[in-house]
Each structure stands twice: as structure tokens, then as C-alpha cells.
Amino acid sequence: MAAGIREKQTVALKRMLNFNVPPVKNSTGEPVWKVLIYDRFGQDIISPLLSVKELRDMGITLHLLLHSDRDAIPDVPAVYFVMPTEENIDRMCQDLRSQLYESYYLNFISAISRSKLEDIANAAIGANVVTQVAKVFDQYLNFITLEDDMFVLCNQNKELVSYRAINRPDITDTEMETIMDTIVDSLFCFFVTLGAIPIIRCSRGTAAEMVAVKLDKKLRENLRDARNSLFTGDTLGAGQFSFQRPLLVLVDRNIDLATPLHHTWTYQALVHDVLDFHLNRVNLEESAGMESSPAGARPKKKNKKSYDLTASDKFWQKHKGSPFPEVAESVQQELESYRAQEDEVKRLKSIMGIEGEDEGAISMLSDNTAKLTSAVSSLPELLEKKRLIDLHTNVATAVLEHIKTRKLDLYFEYEEKIMSKSTLDKSLLDMISDPDAGTPEDKMRLFLIYYISSAQAPSEVDLEQYKKALMDAGCNLAPLSYIKQWKAFTKMASAPTSYGNTTPKPLGLFSRVMNTGSQFVMEGVKNLVLKQQNLPVTRILDNLMEMKSNPETDDYRYFDPKMLRGSDSSIPRNKNPFQEAIVFVVGGGNYIEYQNLVDYIKGKQGKHVLYGCSELFNAMQFIKQLSQLGQK
């Protein structure tokens, strides 16, 4: 898996845009100009991976949504990349009838059924354009890759597979089947793209188990159907692990509800928690000045800015897992080194205006010409550096605003103490009733974590007191009523999850960043340093990947789709530790767990882990789902 999933999906997309022929490296000719027609699903898959410039290099002059009004361009081939849904197929048939393009390359994100294919064929015959429908392909790309080692199933209809959808008390069996099929379809696409058949482990009696059973069946059927198997020769050889298969660990969100509510301290997770960060793009509102406007005037409109935080952004790649104080300091250092380079260019410019013809000046001139040439050639690099520095200055400043106004450092530290069962220096009631600390949502998150993590639930009297304080702070108590039921239910099932026993160490307040030169005024924000401790999801992975015996994971079911008869055992066949693993959370994941896995695997030589989830939510979105469940 040395080739990450991001690379594999990008290669697959590029091949598709090249009419399903692998692009030739050294062809000097112009690419074939074409239009790309996608639906929202296709757009979400392509946008985190390929920029508009890369699309243009592939010959895509125009990219349009399928359901927009499109003009006929009769002499250009069109590449379609859409889900095989009824309305998409109808619209494609309409395109064929209107003869919009020269030829049609139809690519379906997920496999298309026979009957729908016949609909397209009939439309093509009816419009007499059979010869122009050049190719029809199932791409098996129905998942969204966000990082080299992270993917999420869907974004458009994510409420269909959300935590709330899976855990609704009034869900019918058929609805549950549909949700599971949706998840399995995407996971199947993921493994086709990866080119590997995993060994599947999952906890019993959860939604994750249903996914495992269905995925095992689907992979098995595909392997049996030798003629149409997607896992033969050419695709499997592409993976580097034809000799060793990856482990797929399916976990259910319910094993750990505290982590998605947790306040966090690393850069990427903070951006996701407090800003509008979505499919690797962050949207910031730049507040316009209010002071200058005369009384009674409307406040100025806020400018919205969006930034892409991508794989090519070196600063992001290096620091997305760092604690926030480090990030602020690094932005500052980058800025200083940039200014030094800029000054050097200015200095050279002034020397170049030398008068006088004496020897020294001439030799200096030739020396400086070389310097200037190198300075000029490094200009694009400098400008790019400047762009990234500005971007991260803006993003980090926006995050810092939230940390300061909501005292998020205190919340983070306090929750870590709760989760690691260490002594609390301040009573929970004080935190909740402190009007300056945090939004009602922050307080609710803190209390829910306390409630979930405590071995015995607080007594009724205490609970009433907490409830009153929460109500006074303006909290909506609906999530609590759901968590109460959930806790009563899981208590019967298992012991509470432990979170290790380390707490973050404050390093005293920021030292360097406090310099007046810094853009970040960090006064009063604690400089907390994270200690690596494994969250429940990471612990489960560690047990299963390293084949450790542990009561937590010993009864996990074991599926091997390559075995002729499916055996229902929890006894693994191979006793060797795995080199590669995929952790998939049914019911939604977050960047905190992702980061925790990344940190865990850093310490393991030559091992790789991918993190996937049915949807990616931050604490705010999760609380919303909990309160919808609690209102029932």
C-alpha cells in the first residue's frame, strides 16, 4: 500500500478522463479537448483530487453539472462521470436525443444495473446515435479520498448513512438494509480501486457486523464469478501486496461516543471543529470593520473566502497534526524566512544600479548577476510561499479567535483529565456555569463527555443540579436524553471504554510567539503539549493488527472472502501481525481519531493504516444528530 489510496483514485480518474486509456507520459501533442459532465457525487470525488488546472492539462475545457442547462457542442466528445440513478439516466438519454455532443463516454461511479443500461441503449437506438456512444464503463470510484490515508464514503446524501439514520429507534429492517447496502457498495468500490481483498474483522451485534457480512458476501460473489471478477491479474498486480493482504477493521461509532464530542488541540482537527471545513476546503468569513459606519447604517457585508488545504500545501502536510501553539510558531518562522528572502532580492536590485566603471564594481556586477538570476528564478517559489503563509495566517488567526473567545484550551485540558480519570482541579459545575467560558454547545459537549466517561452515572440529585446549570447556560438537553438511553443500553453490553491515563502537560505560556513581532497574540492561551495515548479505535486496531489477545477484541468476528466456504468463526487463520490495515467507522468519524491513528502508526516501522468513515462530522454536527435522536 506504499501507493496510497489518493494516488490510486487519482490515477483511475485520469485514465477515465483520457477515454479509459492510461495517459502516455511523453506525448508532446495537445490533449484531445473534451467536456466533462458530472453530477454532485462526481464533483465531490474529483474536487479534492484534481484542480481545475490539472483538468485543463487533461484536455477538459469545460466541466458542467449534468442537471444544468447545457448548450449543444456538436464537435466535442463528452466524458460523463455520474451515479447510475434514475434521474441521471433519464437526463443522459435526453442528451443523446438532443445530440448535444460528438461522442459519449459514459462512466458510472458505481456499477449500473442491466435494466438501466437497456434504457440508455433504447434511447441511443431511438435517437440513432448508437455509433456515438463510444464506451460505457463502471468505474467503481464511489468514495471520496481526502488524504493519502483517509477516505469518506459520501457527502451528498450523507444523512442517509449518518449516525442518526443507523441508530433511529423506529428504523425498519428494509431501511437498515438500504443503509447497509449503500455503505457496502462504497466499501466494495474502495477495495476494487485499492486492488486488494481484505481480511475482515468486526465487533459482534453492531451495525459494523451487518456491513461485514454483506461486504464479505459481495467480495466472495465477485471472486467466484471468474469471468467478470474485478480482482484478477492486472489490477491485483498493481497493488504491492499481492503477497500480503490488508486487514479491514470495522468498528461501530457506538464503541466510543466521547471522542467525536471532544475538544481538540491539533491543527486539522481544530480547523474542522471550529471553522467551516469541508472536503479539504475551508470557508472563512472575513469580518469587515464596523466602527467606521455611522449610527443606524447597515453593517458591512462579510467577505467569504475559501482556501483549499491540499496535498501540495507543504505547510499543511507538515503541521496538520501538530498542536496549535506549534502551528502558530511555525507560521511565524515561515514569515520571517520569507521576509529575509524578499529583502535579499531588494538588496540585489539596489546594487544593480551601480555607477562608475572601476574594476571592483564590474567584478561585483558579474557576481551579482548570477545572484540576481537565481533570485529571479526563485520568484515563483517565493510567491507560492507567500500565498501559503497568508493562507495559514488567516486560517490560524480564525482558529485562534475561537480558542480565545471560547476558552477552548481549558475545555481541551479538562476533558482530557475526565477521559483519563485524573483529578479535576475545578468542579464541573463551575465550568458549566462560567459565563465567559465557551458556547452552550461547548458546555454540553463537556458534560456529555463527563457523563459518558464516568463509571457510575451521577446520582439523580446531582444530575438535576447539572441539568439546571446547563439550562441556565442555554443548552438544549435533547442530546443528554439520548446518551442516557445509550448508556443504559451499553452498560448491559460492555464495560465503559478507557482512554489511557495521561494528561496534557502545560508548558507554561507561549514563549517565542509572545514576541511583539508575532501576528498571533497568544496571551492567556495555555501551551498544551499532547501526549500520545491511544483512543479506543486505535486500541482495537492495535490488538487486531498485532494479533494481541485482549478481552476487548477477542470475540471479533473473522471473515475471509477468499475462503471457499464462509466460516463463522472468530478464530483468525493466520497468526502473523498485519503490515497494512484499514479502519472503517460505521456511523461517522472525525479528524481526532484519524490523527490518533496517524500518530500511532508513526511508531511502527513499515506499517500503514488507512482511516475511513461513513461520514465525517465535527462535534457540532454530531450534537445535532444526538439531539434529533433525543427528541424522539
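If you're wondering where the values come from, they're calculated on a predicted model, not measured in any experiment.

## Details of the overall build of the protein chain
Summing up its helical and strand segments, the protein chain has 22 helices and 17 strands in all. Out of the 632 residues belonging to the protein chain, those deemed buried represent 51%. Just so you have it, the protein chain exposes about 29800 Å², and 53% of that area is on carbon and sulfur atoms.

## Focus on the packing of aromatic side chains
Following the criterion strictly, the structure yields 23 aromatic pairs and no others. Relative to Tyr104, the ring of Tyr80 has its centre 6.3 Å away and its plane inclined at 35 degrees; by these criteria the two rings are tilted. Here Tyr80, found in strand 3 (residues 73-82), pairs with Tyr104, found in strand 4 (residues 101-108); they are 24 residues apart in sequence, far enough to count as distant. We note that Tyr80, like Tyr104, is buried. Measuring from ring centre to ring centre gives 4.0 Å for Phe151 and Phe190, while their planes differ by 15 degrees; the resulting arrangement is stacked.

## Here we look at helix 17 (residues 440-453)
With 14 residues, helix 17 extends 20 Å between its outermost C-alpha atoms, agreeing within 8% with the 20 Å of an ideal straight helix rising 1.5 Å per residue. The buried fraction of helix 17 amounts to 11 of the 14 residues, a majority that puts the element mostly inside the structure. For helix 17, the set of buried residues is Asp442, Lys443, Met444, Arg445, Leu446, Phe447, Leu448, Ile449, Tyr451, Ile452 and Ser453.

## Concerning the pairing of strand 3
Counting buried residues in strand 3 gives seven out of 10 residues, a clear majority hidden from the surface. Taken together, the four bridges between strand 1 (residues 34-38) and strand 3 define a ladder with parallel strand orientation. Opposite Ile37, over in strand 3, you have Tyr80 as the bridge partner. Sheet analysis places strand 3 next to strand 4, joined by seven bridges and oriented parallel. Within strand 4, the residue paired with Val79 across the bridge is Tyr105. Handedness of the β-α-β unit built from strand 3, helix 4 (residues 86-98) and strand 4 comes out right-handed.

## Focus: the pairing of strand 16 (residues 580-586)
Counting buried residues along strand 16, seven of its seven residues qualify, which places the element largely inside the surrounding structure. Here strand 16 shows a buried face lined by Glu580, Ile582, Phe584 and Val586 and a second buried face lined by Ala581, Val583 and Val585. Two strands pair when backbone bridges link them, and strand 9 (residues 247-252) and strand 16 are joined in this way by six bridges, in the parallel orientation. The residue of strand 16 that forms the bridge with Asp252 is Val586. Both strand 16 and strand 17 (residues 608-613) contribute to a ladder of six bridges, which runs parallel. Residue Val585 lies in a different strand from strand 17, and its bridge partner there is Cys613.

## Notes on the side chain of Lys116
Tracing the sequence through the fold places Lys116 in helix 5 (residues 114-127). Of note is the side chain of Lys116, whose polar atom sits 3.0 Å from the backbone oxygen of Pro84. Setting aside residues no more than four positions away along its own chain, Lys116 makes contact with Pro84, Thr85, Glu86 and Ile89.

## Focus: empty space enclosed by the protein
Evaluated as defined, the whole model comprises four cavities of 30 Å³ or more. Of the pockets and cavities examined, the largest cavity occupies roughly 80 Å³. As for the largest cavity, its lining consists of 13 residues, and the residues nearest its centre are Ala269, Asp273, Ile592, Asn618 and Ala619. Elements represented by at least two residues in the lining of the largest cavity include exactly helix 10 (267-274) and helix 21 (591-602).

## A short note on the sheet that holds strand 3
Judged by pairing direction, the sheet is parallel, and its five strands sit side by side in the order 2-1-3-4-5 without closing on themselves. The sheet terminates laterally at strand 2 (60-65) and strand 5 (133-138), the two strands that pair on one side only. Averaged over all pairs of adjacent strands, the angle between strand axes in this sheet comes to 20 degrees, irrespective of strand direction.

## Quick notes on the pattern of salt bridges
On inspection of all chains with the given rule, the structure shows 31 salt bridges. Measuring nitrogen to oxygen at the nearest pair gives 2.5 Å for the salt bridge that ties Lys320 to Glu147. Taken as a pair, Lys320 in the loop between helix 11 (314-319) and helix 12 (324-352) and Glu147 in strand 6 (residues 144-147) lie far apart in primary sequence, 173 residues in all. Residue class for Lys320 comes out buried when judged on its relative accessible area of 8%. By relative accessible area, which is 2% here, Glu147 ends up buried. A salt bridge links Lys407 to Asp434; the shortest N-O distance between them is 4.0 Å. In this pair, Lys407 sits in the loop between helix 14 (379-406) and helix 15 (408-419) while Asp434 sits in the loop between helix 16 (428-433) and helix 17, placing the two residues 27 residues apart along the sequence. Note on Lys407: relative accessible area 27%, which makes it partly exposed.

## Details of the sheet that holds strand 7 (residues 150-152)
Reading across from one edge, 6-7-17-16-9-8-15 is the order of the seven strands in this open sheet, with mixed pairing throughout. At either end of the open sheet lies a strand with only one pairing partner, and these are strand 6 and strand 15 (557-559). Adjacent strand axes in the sheet meet at a mean angle of 20 degrees when their direction is disregarded. In this structure, strand 8 (residues 199-202) lies alongside strand 9, joined through four bridges in parallel fashion. When the sheet's bridge partners are listed, Ile199 is paired in strand 9 with Leu247. Sheet strands in contact with helix 20 (residues 536-545) are strand 8, strand 9, strand 16 and strand 17, and its direction is about 145 degrees off that of strand 9. Along the sheet face, helix 21 touches strand 6, strand 7, strand 16 and strand 17 and points at about 170 degrees away from the line of strand 17.

## Looking at the packing of helix 17 against helix 18 (residues 460-472)
Orientation of helix 17 relative to helix 18, taken along the N-to-C sense of each, is 165 degrees, at an axis distance of 11 Å. It follows from the interaxial angle that helix 17 and helix 18 lie roughly antiparallel. In this structure, helix 17 crosses over helix 18, and the sense of that crossing is left-handed. Here helix 17 contributes Lys443, Met444, Phe447, Tyr450 and Tyr451 to the contact with helix 18, which in turn contributes Leu463, Tyr466 and Leu470. When grouped by side-chain class, the residues that make up the contact of helix 17 with helix 18 number seven nonpolar, no polar and one charged.

## Let's talk about helix 5
In this model helix 5 runs 20 Å from its N-terminal to its C-terminal C-alpha over 14 residues, within 8% of the 20 Å that 1.5 Å per residue would give. Turning to helix 5, its buried residues number three or more, namely Lys116, Ile120, Ala123, Ala124 and Ala127. The buried residues of helix 5 occupy an angular sector of 100 degrees when the element is viewed end-on, so they sit on one face. Projecting away from the buried face of helix 5 at angles above 90 degrees are the exposed residues Arg114, Asn122, Ile125 and Gly126. Looking at the buried side of helix 5, the elements it contacts are helix 4, strand 4 and strand 5. Trailing helix 5 by a residue or two, Asn128 shows a phi angle of about 60 degrees, which is positive.

What counts and what doesn't
- Residues numbered from 1 in each chain as written.
- Predicted model: local features only at pLDDT ≥ 70, side-chain atom pairs only at ≥ 80, totals over all residues.
- Heavy atoms only, no water.
- Helix = DSSP H or I, 4+ residues; strand = E, 2+ residues; numbered from the N terminus.
- Buried < 20%, exposed > 50% of the residue type's maximum accessible area, 1.4 Å probe, protein only.
- Areas by Shrake-Rupley, 256 points an atom, 1.4 Å probe, with all protein chains shown as cover.
- Phe/Tyr/Trp six-rings, centres within 6.5 Å; stacked < 30°, edge-to-face > 60°.
- Expected span 1.5 Å × (residues − 1).
- Pairing = 2+ DSSP bridges.
- Right-handed = clockwise from strand over helix to strand, strands pointing away.
- Polar contact = N/O pair within 3.5 Å; in protein donor to acceptor, adjacent residues only side chain to side chain.
- Contact = heavy atoms within 4.5 Å.
- 1 Å grid on protein atoms, 1.4 Å probe; cavity = no way out; pocket = protein on both sides within 12 Å on 5 of 7 lines; lining within 4 Å.
- Points joined across faces, edges and corners; volume = space filled by probe spheres on them.
- Axes fitted to C-alpha atoms, helices over the stretch in contact; angles between N-to-C directions.
- Salt bridge = Lys/Arg side-chain N within 4 Å of Asp/Glu carboxyl O.
- Parallel < 35°, antiparallel > 145°, perpendicular 65-115°, else oblique.
- Left-handed = near helix turned anticlockwise from the far one by under 90°.
- Nonpolar A, V, L, I, M, F, W, Y, C, P; charged D, E, K, R; others polar.
- Arc of directions from axis to C-beta.

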